[in-house]
Amino acid sequence: MILQKIVVYLLCGCTFLTASAQTTLNLRQTLQQVRENSPALRVERLNINIAQADQTTANLRPNPVLNNQTLFQLRPTPGVEGVGVLNRQRRQFWLQATKEFDIHNKRTYRNRFAEANTNLAIRGVDETERGLLFDAANRYIDAWYARIQLALLQRAKANVDTLVQLNVVRLKNLVITNTDLTRTQLISDQYDIQTRTAQQELRNRLNELRLVIGATDSINVALNDSIINPAFTNPLRLYPTISASADSLLQVASATRTDVRVAEANLETARRNVDLQQVLAKPRNEAGFIWNPQNAVPYAGVFLTLELPVYSRNQGEIQKSRVLQEQAGQAATLVQLRIRSEIETAYQSFTTSRQNIERFIGIRRDADRVLASVRYAYLRGATTLIDLLQAQTSWFDTQTAYYQALYTHRQNYVRLLYVTGQINSY
């Protein structure tokens, strides 16, 4: 008996720990989790370290070169027959120390190009983050909608189950026929199947969201999310609103969108690459000193190497850098055109969905009123079960259509955040 109690306590403790480990997230918390824990974002951020390593390499100076040549006179000349082979009178020694001198500031141009690449990598991470946040926000809304559908089905099933229990009593009192009870039970069974499917759908959406945000514990989404304003208990007055005009949103997007910054950084990188390739066409030069004792006679001198730009003057790389600069300029122009199109489409879609939500206020109120009226009439025997089931079905369809419109509205809201670039600071 004591052992059984211990097992029960342990099971209760495990259940409590499992429940407490689950984290309920709103949209802002979800996006913050992406910024902190996203595996894809961590991979992308390594590009910054790679670019910084290239910048370190570009900032290095060339190493000096030390050259040595030692020659021994194998057949002695007259006068040194008795001198050993290793003696300095029968040896010539060459010691040369040289270094490439950067008189054209090639190192400076390489460093500028590497800095531009580092800035481009940073902007690229911001753009990747924008895409990941957009994906995570959509998956969050998918999970929210799955939970809304489950709650709606549970509410509808609870209403029908209450009617089933009532009809069981009424059948005993011979107020209704067995067919009426069977019809009610069939509706309850259908809602039960749909509820099981909705539960699995919610688990699937939550698993997808957990993968995107890099969470290890189980998570859930909040029905009452003050950030995007869903409130299942009273969703009529709380939903996302945008008071700005399309033109003002276009200005915000042009100033803050990360793909604009990427295009600007790419264009600057292309410009610095053109400057670098042009300076790399300059001839290399090398200078140094020579110490050259020959047969005990010391010599000293200087060493100078100058590349003659006869065949290769870096023509191909210069030409390619100019093409890349033109390509970057056209890409930047294309980004601006795409922003205008995306803003107009997203804003119009958002406005339309907001109007649809406002129209649903009266429709849902009428559906609630009709269902309550038919239910009251059925309980008083003034109408048939078929009328009540039709009213219940109509009410459920209205609720489903409303939350579908609300789901689309939130999707449009997130897309508006995405196309304006505000999702990175959300």
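Preceding this paragraph is the structure being described.
Residues numbered from 1 in each chain as written. Predicted model: local features only at pLDDT ≥ 70, side-chain atom pairs only at ≥ 80, totals over all residues. Heavy atoms only, no water.

This part covers the packing of aromatic side chains. In total, this model carries six aromatic pairs according to the counting rule given. Measuring from ring centre to ring centre gives 6.1 Å for Phe350 and Tyr413, while their planes differ by 40°; the resulting arrangement is tilted. Here Tyr413 lies in helix H9 (residues 385–420) and Phe350 lies in helix H8 (residues 315–379), a separation of 63 residues in the sequence. Taken as a pair, Phe350 and Tyr413 share a single burial class, namely buried. Counting every residue linked through ring pairs, the aromatic cluster contains Phe360, Tyr402 and Tyr403. Positioned above the aromatic ring of Tyr109, the side-chain terminus of Arg112 is 5.3 Å from the ring centre. (Phe/Tyr/Trp six-rings, centres within 6.5 Å; stacked < 30°, edge-to-face > 60°. Helix = DSSP H or I, 4+ residues; strand = E, 2+ residues; numbered from the N terminus. Buried < 20%, exposed > 50% of the residue type's maximum accessible area, 1.4 Å probe, protein only. Lys NZ or Arg CZ within 6 Å of the ring centre and 35° of its normal.)

With that settled, the discussion passes to the nonpolar core. Membership of the largest hydrophobic core comes to 77 residues, with the highest contact counts inside it found for Leu31 and Ile423. In terms of residues, this core owes the most to one element, helix H4 (residues 106–172), which gives 21 residues. With residues near it in sequence (within four places) discarded, Leu31 still touches Leu133, Ala136, Ala137, Ile423 and Tyr426. (Core = buried A, V, L, I, M, F, W, Y, C linked by side-chain atoms within 4.5 Å. Contact = heavy atoms within 4.5 Å.)

A separate point is helix H6 (residues 246–256). Within the span of H6, buried status applies to Leu249, Leu250 and Ala253. Taken end-on, H6 shows its buried residues confined to a sector of 105°, consistent with a single buried face. Away from its buried face, by an angle of more than 90 degrees, H6 presents the exposed residues Asp247 and Gln251. Contacts made by the buried residues of H6 are with helix H7 (258–280), H8 and H9. (Arc of directions from axis to C-beta.)

Turning our attention to the pattern of salt bridges. Applying the stated rule across the entire model yields 19 salt bridges. A salt bridge links Arg272 to Glu115; the shortest N-O distance between them is 3.9 Å. Taken as a pair, Arg272 in helix H7 and Glu115 in helix H4 lie far apart in primary sequence, 157 residues in all. Accessibility expressed as a relative area gives 25% for Arg272, which makes it partly exposed. Notably, a salt bridge pairs Glu307 with Arg284, separated by 3.8 Å at the nearest N-O pair. Note that Glu307 is positioned in the loop between strand E6 (300–306) and H8 and Arg284 in the loop between H7 and strand E5 (285–291), a separation of 23 residues in sequence. Taking relative accessible area as the criterion, Glu307 reaches 32% and is therefore assigned partly exposed. Through salt bridges with shared partners, one network takes in Glu127, Arg130, Arg257, Asp259, Arg338 and Glu342. (Salt bridge = Lys/Arg side-chain N within 4 Å of Asp/Glu carboxyl O.)

From the geometry alone we can't say anything about function, so treat these as descriptive.
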